[in-house]
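Listed below are the residues making up each chain.
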Amino acid sequence: MIKQYYNKCVTSRSFIPSVVVLLSVLVLLMLPDRFVNPVYKQFETAKARVISVNNSDIQRAGIVAYGQQQCMVELLDGSYQGTVAEAMNMLSGSLGTDKQYQAGDIALVTVGGSQSQGVYKISMVDHYRLNYQLLLVGAFMLLLIVLAGWIGVRAILAFAFTILCIWKMLIPLLLAGYQPILCGLLITAMLTTVIIILVYGFDRRFIAATMGSLLGTGLTALLAIIFVNMSKIHGAVMDYSESLLYTGFQLNLTEIFIASIFIASAGAVMDIAVDITSAVHEVIEANPAISKAAAIKAGLNVGRTVIGTMSTTLLLAYSGGYIGLLMVFVAQGTPVINILNLNYISAEILNTMIGSFGLITVAPFTAVTSATLLTRKKSNAAEAAV
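Remember, predicted model here, so these are calculated numbers, not experimental data.

**Q** Is there a simple way to think about the confidence of the model for the protein in this case?
**A** Residues shown with low pLDDT carry predicted positions that ought not to be read at fine detail. Predicted confidence across the protein gives a mean pLDDT of 84, with 91% of residues reaching 70 or more. Of all the helices and strands in the protein, helix α1 (residues 2-11) carries the lowest mean pLDDT, 45, while helix α5 (residues 180-200) carries the highest, 94. Within the model, the stretch residues 1-11 combines pLDDT values under 50 with 5 contacts to residues more than four positions away or in other chains. Scored below 50 in pLDDT, residues 378-386 makes 2 contacts in the model with residues more than four places away or belonging to other chains.

Right, dumping it as structure tokens:
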């Protein structure tokens, strides 16, 4: 049974691309980080269990607290494993960034000093959450493999490759000052190609879906360039982006914001392209004599139903992250016209609408490319018979 499954994988058109992507993932993992802060080399990161806390130096003003919390902790790993020492937890009065500990909590800490000199400083970083994250990732991977089998394995490869491309390639290139829009387009095109080839392997469906997806992404990029400049929105509307300028990076935040628009919609664009390509392929398999025009019409019919739900996908995705802000506006009775004209609200409107343009237009793009490529073989065979 296992041998038959293995042989099926080996003969599959997607096996070689899967091996190539796996090797690419390993290469990306081994790439050294270009931006390394030497300050962090002076400290060691470790897990620690909070034994007791002293809140006497904490002052409260309404619902917020500030000051410092003294924690007695036991280090659970690293060079200082087993050491019991005092750690400081600074509170700035921000509910979003501050954290307070209780006895029994597991925390991530930074430790300064040496084994010969003893520990001289321990700082509380945050609650330790990596174990829960690993549990969630493991459950996600297991569920994919159980439900999707070999396709689930390829999906995990695509997931890992995407994360590493963004972390190891896109972000360093942007920080190094390379042209953001060009970098974004190249990385998106590469990810689109790799992800779709893992789905289909080397065949006409892969070419059709990739072409349709890239056309949709290209249109999204073009609209983003035009409307961001017309709306005079500065890229500093992105969270934490302005702090990069203060730390010495010479970046064009507006172009980075433009790149973020089409990168954010690329996944949904790929999804529609693959759906329509698969539908057209099934139609042609069921009716090999179908004409190119009829295949395009079938693809457009499928595209209409997909667009009906996907047109709200980005709206829900983006608005979900702004629920708190919208609640503040409503609670304060802010006029709608004022809300819509704010730069960061306008930025999210552009994100949603321009991304939705890509989702809508990828349907006809893919219907045409898939019908053209997938019916070509049938048409040529019919002409030869005549």
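Anyway, onward from the coordinates.
**Q** Looking at this structure, how should I read the layout of surface pockets?
**A** Rolled over the atoms, a probe with the dimensions of a water molecule shows which regions are left empty. Taken as a whole, the largest pocket encloses approximately 530 Å³ of empty space. As for the largest pocket, its lining consists of 27 residues, and the residues nearest its centre are A158, T162, I195, G267 and M270. Taken together, the elements giving at least two residues each to the lining of the largest pocket come down to α3 (130-148), α4 (150-175), α5 and α8 (253-286). The volume enclosed by the second largest pocket comes to roughly 390 Å³. Lining the second largest pocket are 17 residues, with I171, L174, M238, I256 and S260 positioned closest to its centre. Listed by contribution, the elements that provide at least two residues to the lining of the second largest pocket are α4, α5, α7 (241-246) and α8. A breakdown of the residues in the lining of the second largest pocket according to their chemical character gives 13 nonpolar, 3 polar and 1 charged.

Conventions and cut-offs
- Residues numbered from 1 in each chain as written.
- Predicted model: local features only at pLDDT ≥ 70, side-chain atom pairs only at ≥ 80, totals over all residues.
- Heavy atoms only, no water.
- pLDDT = per-residue confidence, 0-100.
- Helix = DSSP H or I, 4+ residues; strand = E, 2+ residues; numbered from the N terminus.
- Contact = heavy atoms within 4.5 Å.
- 1 Å grid on protein atoms, 1.4 Å probe; cavity = no way out; pocket = protein on both sides within 12 Å on 5 of 7 lines; lining within 4 Å.
- Points joined across faces, edges and corners; volume = space filled by probe spheres on them.
- Nonpolar A, V, L, I, M, F, W, Y, C, P; charged D, E, K, R; others polar.

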